[in-house]
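Listed here are the chains, written in short residue letters.
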Amino acid sequence: MSPANSPPSPEETPRRHLHVRLANEHASIFDHVTEYLQEAGKAPDWYWRTAGRLEGDEDAENLEELLFSAFEAGASLAHDHPEELRFDWVTDEECERQRQAEEKGSQRDDARKERTSLSHYA
């Protein structure tokens, strides 16, 4: 194998991390989590009220339950509806470009709306 065809060394390969996104940009992750909670026999109202009050909350037990439920919802969605998800391996630079793009224009408004939509549950 010639040096030009050799695979890059680990030092030359940029580190990547996983972004999991909904395949349909008009879909709502909140709807998917709520559907999972209902199917799992959990209380979506309690979940969303608790999530809405988390800012500054010191209640570790509630935070742990919220994180586990969100993780379970994601695993359930990936298992039962993989077509609903898009998996992207990105570099830190790509991640930063995506974040900046989301903060501009209509994407910024949508992202802000999603972040603040929990406030009515608090």
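This brings us to the packing of helix H1 (residues 29-39) against helix H2 (residues 44-52). Packed helices, taken two at a time, are described by their axes: the angle between them and the distance between them. Contact geometry of H1 with H2 gives a least axis separation of 9 Å together with a crossing angle of 135°. In terms of their interaxial angle, H1 and H2 are classed as oblique. Seen from H1, the contacting residues are Phe30, Val33, Thr34, Leu37 and Gln38; seen from H2, they are Pro44, Tyr47 and Trp48. Of the residues assigned to the contact of H1 with H2, the class counts are six nonpolar, two polar and no charged.

We now examine a negative patch on the surface. Taken together, the side chains of Asp31, Glu35, Glu39 and Asp80 make up a negatively charged region of the molecular surface. The element best represented in the negative patch is H1, accounting for three residues. Mapped onto the fold, Glu35 is located in helix H1. Classification of Glu35 as partly exposed rests on a relative accessible area of 37%.

Of all hydrophobic cores here, the largest spans nine residues; its members are Phe30, Val33, Tyr36, Leu37, Tyr47, Trp48, Ala51, Leu66 and Ala73. Of all the elements in the fold, those that place two or more residues in this core are H1, H2 and helix H3 (60-80). Examining the composition of this core, we find that four residues originate from one element, H1, more than from any other. Beyond its immediate sequence surroundings of up to four residues, Val33 is in contact with Tyr47, Trp48 and Ala73.

Let us look at the environment of His19. Tracing the backbone shows His19 in strand E1 (residues 16-22). According to the relative accessible area criterion, His19 is buried, its value standing at 9%. Sequence separation between His19 and Arg86 is 67 residues; the distance between their C-alpha atoms is 8.2 Å. Setting aside anything within four residues of it in sequence, one finds His19 in contact with Arg86, Phe87, Asp88, Val90, Cys95 and Gln98. A distance of 3.1 Å separates a polar atom in the side chain of His19 from a polar atom in the side chain of Arg21.

Take a nonpolar patch on the surface next. A contiguous nonpolar patch, built from Leu18, Val20, Phe87 and Trp89 and spanning about 410 Å² of accessible area, is present on the exposed surface. Looking at the nonpolar patch, the elements with two or more residues in it are E1 and strand E2 (85-91). For Leu18, the location among the structural elements is in strand E1.

Let's shift gears to the packing of aromatic side chains. For the structure on display, the rule yields two aromatic pairs. An angle of 70° between the planes, with centres 5.3 Å apart, marks the rings of Phe30 and Trp48 as edge-to-face. Of the two residues, Phe30 sits in helix H1 while Trp48 sits in helix H2, which places them 18 residues apart along the sequence. Accessibility assignment for this pair places Phe30 and Trp48 in one class, buried. Ring geometry for Tyr47 against Trp48: centres 4.9 Å apart, planes inclined by 90°, an arrangement best described as edge-to-face. Residue Tyr47 shares its accessibility class with Trp48, and that shared class is buried. In this structure an aromatic cluster arises from ring pairing among Phe30, Tyr47 and Trp48.

Conventions used here
- Residues numbered from 1 in each chain as written.
- Predicted model: local features only at pLDDT ≥ 70, side-chain atom pairs only at ≥ 80, totals over all residues.
- Heavy atoms only, no water.
- Axes fitted to C-alpha atoms, helices over the stretch in contact; angles between N-to-C directions.
- Helix = DSSP H or I, 4+ residues; strand = E, 2+ residues; numbered from the N terminus.
- Parallel < 35°, antiparallel > 145°, perpendicular 65-115°, else oblique.
- Contact = heavy atoms within 4.5 Å.
- Nonpolar A, V, L, I, M, F, W, Y, C, P; charged D, E, K, R; others polar.
- Patch = residues over 30% accessible without salt bridge, like charges linked within 9 Å, V, L, I, M, F, W, Y side chains within 5 Å.
- Areas by Shrake-Rupley, 256 points an atom, 1.4 Å probe, with all protein chains shown as cover.
- Salt bridge = Lys/Arg side-chain N within 4 Å of Asp/Glu carboxyl O.
- Lys, Arg positive; Asp, Glu negative; His and termini not counted.
- Charge placed at Lys NZ, Arg CZ, Asp CG, Glu CD.
- Buried < 20%, exposed > 50% of the residue type's maximum accessible area, 1.4 Å probe, protein only.
- Core = buried A, V, L, I, M, F, W, Y, C linked by side-chain atoms within 4.5 Å.
- Polar contact = N/O pair within 3.5 Å; in protein donor to acceptor, adjacent residues only side chain to side chain.
- Phe/Tyr/Trp six-rings, centres within 6.5 Å; stacked < 30°, edge-to-face > 60°.

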